[in-house]
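Now for the letters of each chain:
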Amino acid sequence: MTTRSSLEHLNTCASEVFCAALADIWEHAPWVAHGVVGQRPFATVEALHTAMVGVVAGQDEPARVAFYAGHPELAGEDARQGTMTDASIAEQGTLSLARLDTHEAERWSALNRAYRTRFGFPFILCIRRHTRESALQAFEQRLEHDRATELTTTLGEIAAITRLRLDRLVSDVSHAASHGESVPS
């Protein structure tokens, strides 16, 4: 996600370019971008994002659970080893989750195990909206959810994560211009 694109470019480029540009928005799931490429043009970045969330939401439960399972655990082994996607490393890095002391790491590991045992996929949270303390509170609260609630909550968290990633990747020149914002050249 190093090259910033304009929405206009994404609306008019070749399908392969569109899909490649958006491949890193969704954790190991390039099929999401492939699912919306035929819906172009998008009027806004929000419309693009809504369409992509719709592709995920439209999957049956086993497919959504498999998609959720492709996400790294917060403060998990992948974080400590640095083997996550660049976006996940940056996001978890905002709370230094790869550098927890032994006691903190044990607490996160216990919560990760309990959550995965209960729901069958890792706990997913838009970590950029949290402190360590509030993330742990959310973790503990969500362990009390029933499966249906947690499936929905998880999709909402993924939507929040991907919206932030998309906003860093795609500029909506028409939106910025219509709201009196400076437009990058």
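Residues numbered from 1 in each chain as written. Predicted model: local features only at pLDDT ≥ 70, side-chain atom pairs only at ≥ 80, totals over all residues. Heavy atoms only, no water.

Draft legend 1. View of the packing of helix H4 (residues 45–57) against helix H10 (residues 147–169). Where H4 meets H10, the axes come as close as 10 Å, and the angle between the chain directions of the two elements is 145°. Remark: the crossing between H4 and H10 carries right-handed chirality. Of the residues in H10, those in contact with Val 45, Glu 46, Leu 48, His 49, Met 52, Val 53, Val 56 and Ala 57 of H4 are Leu 155, Ala 159, Thr 162, Arg 163, Leu 166 and Asp 167. Of the residues belonging to the contact of H4 with H10, the class tally is nine nonpolar, two polar and three charged. (Axes fitted to C-alpha atoms, helices over the stretch in contact; angles between N-to-C directions. Helix = DSSP H or I, 4+ residues; strand = E, 2+ residues; numbered from the N terminus. Left-handed = near helix turned anticlockwise from the far one by under 90°. Contact = heavy atoms within 4.5 Å. Nonpolar A, V, L, I, M, F, W, Y, C, P; charged D, E, K, R; others polar.)

Draft legend 2. Representation of the nonpolar core in the model. Residues Phe 18, Leu 22, Trp 26 and Leu 48 are the most contacted members of the largest nonpolar core, which totals 52 residues. If you list the elements that add at least two residues to this core, you get helix H1 (7–12), helix H2 (15–22), helix H3 (31–36), H4, helix H5 (61–69), helix H8 (102–119), helix H9 (132–142) and H10. Examining the composition of this core, we find that eight residues originate from one element, H10, more than from any other. Contact partners of Trp 26, with chain neighbours within four places excluded, come to Val 32, Met 52, Val 53, Val 56, Phe 67, Ile 158 and Thr 162. (Core = buried A, V, L, I, M, F, W, Y, C linked by side-chain atoms within 4.5 Å. Buried < 20%, exposed > 50% of the residue type's maximum accessible area, 1.4 Å probe, protein only.)

Draft legend 3. Spotlight on the environment of Gln 59. Take Gln 59: it is sitting in the loop between H4 and H5. Judged by relative accessible area, which is 29%, Gln 59 ranks as partly exposed. Ignoring any residue separated from it by four or fewer positions in sequence, one finds Gln 59 in contact with Trp 31 and Arg 64. For Gln 59, the side chain forms a polar contact with the main-chain oxygen of Val 55, separated by 3.4 Å. (Polar contact = N/O pair within 3.5 Å; in protein donor to acceptor, adjacent residues only side chain to side chain.)

Draft legend 4. Seen up close, the pattern of salt bridges. This model, assessed by the stated rule, comprises eight salt bridges. Its salt-bridge partner being Glu 27, residue Arg 165 comes within 3.1 Å of it at the nearest N-O pair. With a gap of 138 residues between them, Arg 165 in helix H10 and Glu 27 in the loop between H2 and H3 connect regions that are remote in the sequence. Overall, Arg 165 belongs to the buried group, its relative accessible area being 2%. Here Glu 61 ties to Arg 147 by a salt bridge, and the two come within 2.9 Å at their closest N and O atoms. On the criterion of sequence distance, the pair formed by Glu 61 in helix H5 and Arg 147 in helix H10 is long-range, its members being 86 residues apart. Residue classification places Arg 147 among the partly exposed residues on the basis of a relative accessible area of 33%. Counted as one network, the salt bridges with shared partners bring together Glu 46, Arg 163 and Asp 167. (Salt bridge = Lys/Arg side-chain N within 4 Å of Asp/Glu carboxyl O.)

Draft legend 5. Main features of the packing of aromatic side chains. Counting across every chain of the model gives 11 aromatic pairs. A ring pair is formed by Tyr 115 and Phe 121, whose centres lie 5.8 Å apart and whose planes are at 75°; its orientation type is edge-to-face. Judged by its relative accessible area of 0%, Tyr 115 is buried. With a relative accessible area of 0%, Phe 121 lands in the buried category. Of the aromatic side chains, those joined through ring pairs into one cluster are Trp 26, Trp 31, Phe 67, Tyr 68, Trp 108, Tyr 115, Phe 119, Phe 121, Phe 123 and Phe 139. (Phe/Tyr/Trp six-rings, centres within 6.5 Å; stacked < 30°, edge-to-face > 60°.)

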